[in-house]
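Chain and residue survey
As a plain string of letters, each chain reads:
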Amino acid sequence: MSPGSPNGPSPSPTPSSSPRVPTVDLRPWLSGDAGARGAIARTVDEALRSAGFLLVTGHGVDPDLRTRIRVAARGFFTLPAEVKQAYEAKVGGRGWLGPGAEANGYAEGTETPPDLKESLTFATHEPFEDPVVNAEWYAPNVWPSQVPELRPLCEEYLARMAELENHLLALLGDALGLEPDFFTRHMSHPTYGFNINWYPGREVIGEPEPGQFRIGPHTDFGTVTILDRQAGKGGLQVYTDEGGWEDAPFDPDALTINIGDLMARWTGDRWRSGRHRVLPPPADVPAEELMSLVYFGECTPGTRVESVPAPVGRVAYEPVDSHVYLRQKLDSITVG
């Protein structure tokens, strides 16, 4: 259960990891010597080649901040539907995505029923200079008046995410043997997305249809995704060629990191865009309720994403405009 649930929070399971999805302590990367930094870069490279996922600790994001966001967001999600509809948005917009708005499986060509979730979505708070870019990618954030505490909490969280993303992107550049700003120089004015995903129990969503998930199988679309998740039977699974679908390892102190399609294209598929899904509420725990905080790292609009050639990667794709690609993917998962 998420914090604030009448049934109380779920007990935290024992922290876990796996060879394919390792846990990396960022503190030696941020302040260690060259040997320690090199060892972390090698671990990250290996993890992103296998599953496209890793867990990171030592990230400096206050767990109390994450808890307070969940409590505030739950106050919104449990409002009557007619109240929430005043904040309704389309996929890729700002506001509330209600039940049935998305079917993420369509992004990889899988026909699935709509995802069993609701979301609050926010993004950049700074408009762009180009009016055409501004019209497509900047819409002011919509903050629900019923939960005024949500805005300052989310703005603080997003500031922490921007700092962490820059550290991660510098680490990724080093892991490829490239200059530290190889990726960060394309992030001066990103259109990052931030979703608070609410996964209610079956008493809210009803009986799942065959093949229906809280989030259907897909890969993320952008560069780096930073996920703060809760453990549950109807939780996150990741896919690898070696193991197929597996429950994602969980550590309550860690954030889950995966790369998206644009980063995979940049590296010529040296790194995998982490395929994943979120299971429906389980039959044996039908009231299970989870909430995830998901930061989607994106580029500055108009960034040319071009595969790094051998020996680092390989030219696996034609160059693509980052936001032409993102728009196509967002449109593909929109229901209706």
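Predicted, not measured: the structure shown is a model, and the values here were computed from it.

1. Let's talk about the environment of Ser273
Relative to the helices and strands, Ser273 resides in the loop between helix 8 (261-266) and strand 11 (276-278). Judged by its relative accessible area of 15%, Ser273 falls in the buried class. Put simply, Ser273 and Val224 are 49 residues apart on the chain and 9.4 Å apart in space, counted from C-alpha to C-alpha. Looking at Ser273, its side chain comes within polar contact range of the side chain of Asp261, at 2.7 Å.

2. Examining the sheet that holds strand 8 (residues 236-240)
Read from one edge of the open sheet, 4 strands run 6-11-8-9, paired in antiparallel fashion. At either margin of the open sheet sits one strand with a lone partner, and together these are strand 6 (215-218) and strand 9 (244-247). Each strand axis lies, on average, 20 degrees off the axis of its neighbour in the sheet, ignoring direction.

3. Side note on the nonpolar core
Within the largest apolar cluster, 73 residues are counted, with the highest numbers of intra-cluster contacts made by Leu150 and Ile196. The greatest single-element share of this core, amounting to 12 residues, is contributed by helix 6 (residues 150-175). In contact with Ile196, not counting residues within four places along its chain, are Ile69, Ala73, Phe77, Glu118, Ser119, Leu120, Phe122, Leu150, Cys154, Met291, Ser292 and Leu293. Listed in part, the 12 residues of the second largest apolar core include Leu236, Val238, Val278 and Leu290.

4. Describing the sheet that holds strand 1 (residues 23-25)
In space, the 8 strands of this open sheet follow the order 1-2-10-7-12-5-4-3, with mixed pairing throughout. Unpaired on one side and paired on the other, strand 1 and strand 3 (95-97) mark the two borders of the sheet. Here the strands of the sheet are splayed against their neighbours by 25 degrees on average, with no regard to which way each runs. Relative to strand 2 (residues 53-57), strand 1 runs parallel, the two sharing 3 bridges.

5. Structural notes on the environment of Gly235
Along the chain, the position of Gly235 falls in the loop between strand 7 (224-228) and strand 8. Given the relative accessible area of 4%, Gly235 is considered buried. Considered as a pair, Gly235 and Ile215 are 20 residues apart in the sequence and their alpha carbons are 9.6 Å apart. Those residues in contact with Gly235, other than ones at most four positions away along the chain, are Arg277, Val278, Leu279 and Leu290.

6. Quick look at helix 3 (residues 63-77)
Counting along an α-helix, one turn takes 3.6 residues, and residues three or four places apart therefore face a common direction. Under the 1.5 Å per step criterion, the end-to-end length of helix 3 is 21 Å for 15 residues, consistent within 8% with the ideal 21 Å. Those residues of helix 3 not exposed but buried are Leu65, Arg66, Ile69, Arg70, Ala72, Ala73, Arg74, Phe76 and Phe77. Where helix 3 begins, the side chain of Asp62 points an oxygen toward the backbone nitrogen of Asp64, at a separation of 2.9 Å.

7. A closer look at empty space enclosed by the protein
If a probe the size of a water molecule is rolled over the atoms, the empty space left behind becomes visible. With the rule as written, the count across this model stands at 2 cavities of 30 Å³ or more. As a volume, the largest cavity reaches approximately 660 Å³. For the largest cavity, the lining is made up of 47 residues, of which Asn104, Asn195, Asp220, Val294 and Phe296 are closest to its centre. Going through the elements one at a time, strand 4 (118-123), strand 5 (193-199), strand 6, strand 7, strand 11, strand 12 (290-296) and helix 9 (322-332) are the ones with two or more residues in the lining of the largest cavity. Taken together, the residues of the lining of the largest cavity break down into 22 nonpolar, 18 polar and 7 charged. When its volume is computed, the second largest cavity comes out at roughly 50 Å³. If you trace the second largest cavity, you find it lined by Val44, Leu48, Leu54, Leu168, Leu171, Leu172, Val224, Ile257 and Ile259. Within the residue set of the lining of the second largest cavity, elements represented by two or more residues are helix 2 (34-50), helix 6 and strand 10 (255-259). With 3 residues, helix 6 is the largest single contributor of residues to the lining of the second largest cavity. Its residues assigned to classes, the lining of the second largest cavity shows 9 nonpolar, no polar and no charged.

Basis of the calculations
Here, residues in each chain are numbered from 1, in the same order as that chain's written sequence. For this predicted model, a pLDDT threshold of at least 70 governs which residues receive local features, and a threshold of 80 or more governs which side-chain atom pairs are given and counted, while totals over whole chains, interfaces and linings are taken from all residues. Water and hydrogen atoms were dropped before computing side-chain values, which therefore reflect all heavy atoms in the structure. Numbering of helices and strands starts at the N terminus; helices are DSSP runs of H or I of at least 4 residues and strands are runs of E of at least 2. The buried label applies to any residue whose accessible area, calculated with a 1.4 Å probe on protein chains only, is under 20% of its type's maximum; exposed applies above 50%, and partly exposed to all values in between. Polar contacts here mean pairs of N or O atoms no more than 3.5 Å apart (in protein, one a potential hydrogen donor and the other a potential acceptor; neighbouring residues in sequence count only if both atoms are side-chain atoms). We call two strands paired when DSSP finds no fewer than two bridges between them. Working convention: axes come from line fits to C-alpha atoms, limited for helices to the stretch in contact. Angles between N-to-C directions cover 0 to 180 degrees. As used here, the term nonpolar core means buried Ala, Val, Leu, Ile, Met, Phe, Trp, Tyr and Cys residues forming a set that is joined through side-chain atoms within 4.5 Å. Contacts were defined at the residue level, with two residues in contact if any of their heavy atoms lie within 4.5 Å. Here a helix's expected span is defined as the number of its residues, less one, multiplied by 1.5 Å. Cavity means a closed set of points on a 1 Å grid over the protein atoms alone, one where a 1.4 Å probe fits but cannot get out, pocket means an open set with protein on both sides within 12 Å along at least 5 of 7 lines, and lining means a residue has an atom within 4 Å of a point. Grid points are joined across faces, edges and corners, and a volume is the space filled by probe spheres set on the points. Amino acids are sorted into nonpolar (Ala, Val, Leu, Ile, Met, Phe, Trp, Tyr, Cys and Pro), charged (Asp, Glu, Lys and Arg) and polar (every other residue, Gly among them).

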